[in-house]
Amino acid sequence: MAQDRSNAGGAQNRTSVERKGDRELVVTRTFDAPPSTVYRAWSQADLFRRWWMPQSVAGVSLLSCEMDVRTGGKYRLEFGFGSSDSMAFYGKYLEVVPNERIVWTNDEGEEGAITTVTFEGRGGKTLLTFHEVYPTKEALEEALQGSAAGLPEQLEQLDELLSITGEQGGS
């Protein structure tokens, strides 16, 4: 499966979603901001919570966002319709290289993936690569129908956040 999702920002900001083999998913997108800025949006809870939850998922919100983004640190994200109907995603950071790379586990179930996000500078812009490796083919299939399906929208929301906060680089 390979699919591209375009947005109003034009071809330069296209989000590419590609399945690699039976257990891997790779998503890429270029942002008009330097790696340090894009990294901050992934590593600071106050920024992360402003773009991570897809807006199209009506009624669901990010109830809490705890992130200790450092090698050995942990995270916990709680989503739901309210405190009585929520679910949590959590894990630990295996590797954090500021402005370059974040690697974490998804520990909420036996079928959790290992996620790596890289931030590659390209002339004032950032090529972001989101790479997940799942333990089984079935786990990848489930993710493609669930959480991974929202990635293009989430990255579009990140792009919008960078533009409204004035954090983008010059064009």
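Here the structure is shown first, and the text comes after it.
These figures come from a predicted structure and were not determined experimentally.

1. Things to note about the overall build of the protein chain
The helix and strand inventory of the protein chain stands at four helices and nine strands. Here the protein chain, with 171 residues, has 43% of them falling under the buried criterion. Pairs at least 24 apart in sequence give 45% of the contacts found in the protein chain among residues at least 6 apart. Surface accessibility of the protein chain: about 8,600 Å² in total, with carbon and sulfur atoms responsible for 47%.

2. Observations regarding the packing of aromatic side chains
In the structure shown here, the tally under the stated rule is 13 aromatic pairs. Note on Trp42 and Trp51: the rings are 4.9 Å apart at their centroids and 65 degrees apart in plane angle, and the pair reads as edge-to-face. Classification of Trp42 by relative accessible area gives buried; the value is 3%. On the basis of relative accessibility, which here comes to 0%, the residue Trp51 falls in the buried class. With 6.2 Å between their ring centres and 40 degrees between their planes, Trp42 and Phe130 make a pair best called tilted. Of this pair, Trp42 sits in helix 1 (residues 35-43) while Phe130 sits in strand 9 (residues 125-133), and the two are 88 residues apart along the sequence. As far as the burial class goes, Trp42 and Phe130 line up, both buried. One aromatic cluster in this structure is built from Tyr39, Trp42, Phe48, Trp51, Trp52, Trp104, Phe119 and Phe130.

So, how was this worked out
- Residues numbered from 1 in each chain as written.
- Predicted model: local features only at pLDDT ≥ 70, side-chain atom pairs only at ≥ 80, totals over all residues.
- Heavy atoms only, no water.
- Helix = DSSP H or I, 4+ residues; strand = E, 2+ residues; numbered from the N terminus.
- Buried < 20%, exposed > 50% of the residue type's maximum accessible area, 1.4 Å probe, protein only.
- Contact = heavy atoms within 4.5 Å.
- Areas by Shrake-Rupley, 256 points an atom, 1.4 Å probe, with all protein chains shown as cover.
- Phe/Tyr/Trp six-rings, centres within 6.5 Å; stacked < 30°, edge-to-face > 60°.

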